[in-house]
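Spelled out, the chains give:
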Amino acid sequence: MKPWLWLSPEMAYQLAPHALRLYTHISKPKQLTWKPLTWRGLTFQNPLGTSGGVDKNAEHIQDWWRWGVGFQELGTITPQPQTPNPGKIINRSAAKKLVWNKMGFPNEGMAQFLKNISQTPRPYLTPLLINIGKNRWTPNEKAHEDYIFGLKALYSTADIFVINISSPNTAGLRDLLKPENLKNFLEPIVSTNLELAGANKAKPLLLKLSPDQSIEELESTLNTSLQLGIDGWILTNTTNQLGHQYHMPTEGGISGAPLADISRNLLQSAVEILGNRKKDHLLISSGGILTPNDVFERLELGADLVQVYAALIFEGPQFFSSVAKSAIRRYS
Ligand SMILES: Cc1cc2nc3c(=O)[nH]c(=O)nc-3n(C[C@H](O)[C@H](O)[C@H](O)COP(=O)(O)O)c2cc1C
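The present account deals with the structure reproduced in this document.

Each value, and the rule that gives it
Residues numbered from 1 in each chain as written. Predicted model: local features only at pLDDT ≥ 70, side-chain atom pairs only at ≥ 80, totals over all residues. Heavy atoms only, no water. Pairing = 2+ DSSP bridges. Helix = DSSP H or I, 4+ residues; strand = E, 2+ residues; numbered from the N terminus. Axes fitted to C-alpha atoms, helices over the stretch in contact; angles between N-to-C directions. Salt bridge = Lys/Arg side-chain N within 4 Å of Asp/Glu carboxyl O. Buried < 20%, exposed > 50% of the residue type's maximum accessible area, 1.4 Å probe, protein only. Phe/Tyr/Trp six-rings, centres within 6.5 Å; stacked < 30°, edge-to-face > 60°. Lys NZ or Arg CZ within 6 Å of the ring centre and 35° of its normal. 1 Å grid on protein atoms, 1.4 Å probe; cavity = no way out; pocket = protein on both sides within 12 Å on 5 of 7 lines; lining within 4 Å. Points joined across faces, edges and corners; volume = space filled by probe spheres on them. Nonpolar A, V, L, I, M, F, W, Y, C, P; charged D, E, K, R; others polar.

1. Digging into the sheet that holds strand S11 (residues 253–256)
Here three strands make up an open sheet; going across it, the order is S5-S6-S11 and the pairing antiparallel. Two strands in the sheet have a free side with no partner beyond their single neighbour: strand S5 (90–93) and S11. Going from strand to strand, the sheet's axes swing by 20 degrees on average, the running direction of each strand aside. With four bridges joining them, strand S6 (residues 98–101) and S11 adopt antiparallel strand pairing. Note that in S11 the partner of Trp 100 across the bridge is Ile 254.

This is the structure:
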């Protein structure tokens, strides 16, 4: 029974955090161990985690630990607080297992994010990825400054940073992925990351990619980012190419089942393009992963980690334990 699917998408979105918090009071943190992974000194008890946007303001870290996540991605967080885009910002179709959103990084801003995260006692139970973005009013020529702001503010907190320039809901953001812009945008971010590390190992930087890139564009993005020292990639964000087909507005991004083929194909292409150059880089698959078999398929295609958003909307947070149960049967 999934009573939250009787609610409107907006109402379910508003109430979900309260439901999560309620569960926290009646359960203990648990670690679900299956296919554990150690990468650059970080231990993932299992390779399944939450996607960007699930906990934008770092308010539910401990709540998600109780559901057995292998890692969490927090954010997208921007330097200053900002409101959502105007108008309707979320919709879904349970029949088609589709989510549409046009949020545009609504969040409480870095100062509040830091306050929230400081409530979480260390040592953290799972690795924390923090997804950083730019405010919608920052022009692309200065976008790197917002990302550098994020790096500096969160340096002692994040285990891994995710650079998000693939959301379709911030006007012009994806232009930064274009070959003529990517190098100039990434270079100062990578060099600040090295400076902040000093004599220590630099924090891994991942780039979150768009599903609306051609294979040639993907190849160019991977090559440029590899040369500049990016440590891995998340494939993919939501698509803005399927609105017509699914009777959803063409602005905004679609995720869930309609995205599955696209993000699976791009994962396969990335594995092929990188070949031996993949080495110790991290590949995370996201997009249309809705069943335990979807999780296993992405891992078997070469993803090191897998993450979900739509599955939590349609299956609820017990998705993590049902995947763990199937995984233990499959891999033991
Ligand atoms: C309501 C909603 C909000 C999202 N917010 C963000 C975000 O803030 N940052 C981000 O990088 N991705 C965001 N995403 C994209 C997801 O992280 C994920 O990449 C995408 O939804 C594909 O996965 P899925 O098919 O499991 O939903 C959001 C997705 C949804 C549905």
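2. What about the pattern of salt bridges?
If the charged atoms of two oppositely charged side chains come close together, the side chains can form a pair. Within the structure shown, the criterion is met by 13 salt bridges. Here Arg 330 makes a salt bridge to Glu 300, at a shortest N to O gap of 3.1 Å. Taken together, the residues span a long stretch of sequence, with Arg 330 in helix H10 (residues 319–331) and Glu 300 in helix H8 (residues 292–300) at a distance of 30 residues. Relative accessible area serves as the criterion here: at 40%, Arg 330 is assigned to the partly exposed category. Here the residues in one salt-bridge network are Lys 2, Lys 97 and Glu 315, joined through shared partners.

3. Some thoughts on the packing of aromatic side chains
One pass over the structure, following the stated rule, counts eight aromatic pairs. With a centroid separation of 6.1 Å and an interplanar angle of 90 degrees, the aromatic rings of Trp 34 and Phe 296 are classed as edge-to-face. Placement of Trp 34 in the loop between helix H1 (9–24) and strand S1 (37–39) and of Phe 296 in helix H8 is noted, with a sequence separation of 262 residues between them. With a centroid separation of 6.4 Å and an interplanar angle of 45 degrees, the aromatic rings of Trp 65 and Tyr 124 are classed as tilted. Remark: Tyr 124 occurs in the loop between helix H3 (109–118) and strand S7 (128–132) and Trp 65 occurs in helix H2 (residues 61–65); sequence separation between them is 59 residues. Relative accessible area serves as the criterion here: at 16%, Tyr 124 is assigned to the buried category. Here the aromatic cluster, defined as three or more aromatic residues joined through ring pairs, consists of Trp 34, Phe 296 and Tyr 331. Above the plane of the ring of Tyr 331 lies Lys 35, whose end atom (NZ or CZ) is 5.1 Å from the centre.

4. Brief notes about the pairing of strand S12 (residues 282–286)
Strand residues, when the strand is regular, have side chains that alternate between the two faces of the sheet. Within S12, five of the five residues are buried, leaving the element largely enclosed by the surrounding structure. Residue alternation in S12 divides its side chains into two sets, Leu 282, Ile 284 and Ser 286 and Leu 283 and Ser 285, and both sets are buried. Sheet topology note: the strand S10 (residues 232–235)/S12 ladder contains four bridges and is parallel. Within the sheet, the bridge partner assigned to Leu 235 lies in S12 and is Ser 285. Where S12 and strand S13 (residues 305–308) come together, three bridges link them in parallel fashion. Looking at S13, one finds that Ile 284 is bridged to Leu 305.

5. Some details on the layout of surface pockets
If a probe the size of a water molecule is rolled over the atoms, the empty space left behind becomes visible. Taken as a whole, the largest pocket spans an internal volume of roughly 980 Å³. Looking at the largest pocket, it is lined by 38 residues, and the ones nearest its centre are Ala 12, Tyr 13, Leu 15, Ala 16 and Pro 17. Only H1, strand S3 (48–55), S5 and helix H9 (310–315) provide two or more residues apiece to the lining of the largest pocket. Per element, the largest residue contribution to the lining of the largest pocket is 10 residues, and it comes from H1. Of the residues in the lining of the largest pocket, the class split is 24 nonpolar, nine polar and five charged. What the second largest pocket holds in volume is close to 290 Å³. In this structure, the second largest pocket is lined by 17 residues; those nearest its centre are Arg 174, Asp 175, Leu 177, Lys 178 and Ser 210. For the lining of the second largest pocket, the residue count by class is five nonpolar, seven polar and five charged.

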